[in-house]
Amino acid sequence: MDLHGRCILVVEDEAMVAMLMESALCDAGAAVIGPATNVADAIALLARAPQLDAALLDLNLDGEMSTPVAAALAQRGVPFVVVTAYGASVVPEAERLAAAVVRKPYDPDEVIAQLNRIFRPT
């Protein structure tokens, strides 16, 4: 699964999961921004990213819901994959339209497949 040349923001508070996803994304050819472990850091990285093709967004960041990050991504037109143990129903409707949802625990290949679907021309 080739993400060559794609710039992906990773927002994940679990260090091991973030490292696993960063490694998988790099192996697939993507450039990784982050990981951000909280909403403030994610918003700051988003503001500084000149080119951002997509994001991987954990919905619960150590008890802090990342919906403000989802809203900022949607407003900027950046597609994203939400990874959550909660399911799609907790993603606000406006952001759900811009997102794919993958339930935790997940296989990194599943997330990369969702990212590839985002980039596939319709």
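Check the entry above for the structure.
The numbering scheme is per chain: residues are counted from 1 as the chain's sequence reads. The predicted nature of this model means local features are confined to residues of pLDDT at least 70 and side-chain atom pairs, given and counted, to a pLDDT of 80 or more, with totals for whole chains, interfaces and linings taken over all residues. Each side-chain value is worked out from all heavy atoms of the structure, with water and hydrogens disregarded.

For the rest of this paragraph, the subject is the environment of Val 32. Only DSSP runs of H or I reaching four residues or more are called helices, and only runs of E reaching two or more are called strands; each is numbered from the N terminus. Locating Val 32 in the fold gives a position in strand β2 (residues 31–36). Once the C-alpha coordinates of Val 32 and Leu 52 are considered, the two residues, 20 residues apart in sequence, prove to be 9.6 Å apart. Throughout, a residue-residue contact means that at least one pair of heavy atoms, one from each residue, lies within 4.5 Å. In contact with Val 32, other than residues within four places in its own chain, are Ile 8, Val 10, Glu 22, Leu 25 and Cys 26.

A separate point is the nonpolar core. Judged by nonpolar contacts, the single largest core of 22 residues is most densely connected at Val 11, Leu 52 and Leu 73. At the level of secondary structure, the elements contributing two or more residues to this core comprise β1 (7–11), β2, α2 (39–48), β3 (54–58), α3 (67–76) and β6 (80–84). Here, nonpolar core means buried Ala, Val, Leu, Ile, Met, Phe, Trp, Tyr and Cys residues that are tied together by side-chain atoms lying within 4.5 Å of each other. Three exposure classes are used, based on accessible area relative to the maximum for each residue type with a 1.4 Å probe and protein chains only: buried under 20%, partly exposed in between, and exposed over 50%. One finds Val 10, Ala 100, Val 111 and Ile 112 within the second-largest nonpolar core, a separate group that totals 20 residues.

Before going further, it helps to spend a moment on the pairing of β2. Across four bridges, the pairing between β1 and β2 is parallel. If you follow Val 11 over to β2, its bridge partner there is Ala 36. The handedness of a crossover follows from its direction of travel: if, with the strands pointing away from the viewer, the path from the first strand over the helix to the second runs clockwise, the crossover is right-handed. A crossover links β1 with its parallel partner β2, the connecting element being helix α1 (residues 15–27), and its sense is right-handed. Between any two strands, at least two bridges found by DSSP are needed for them to pair.

Geometry only, nothing functional implied.
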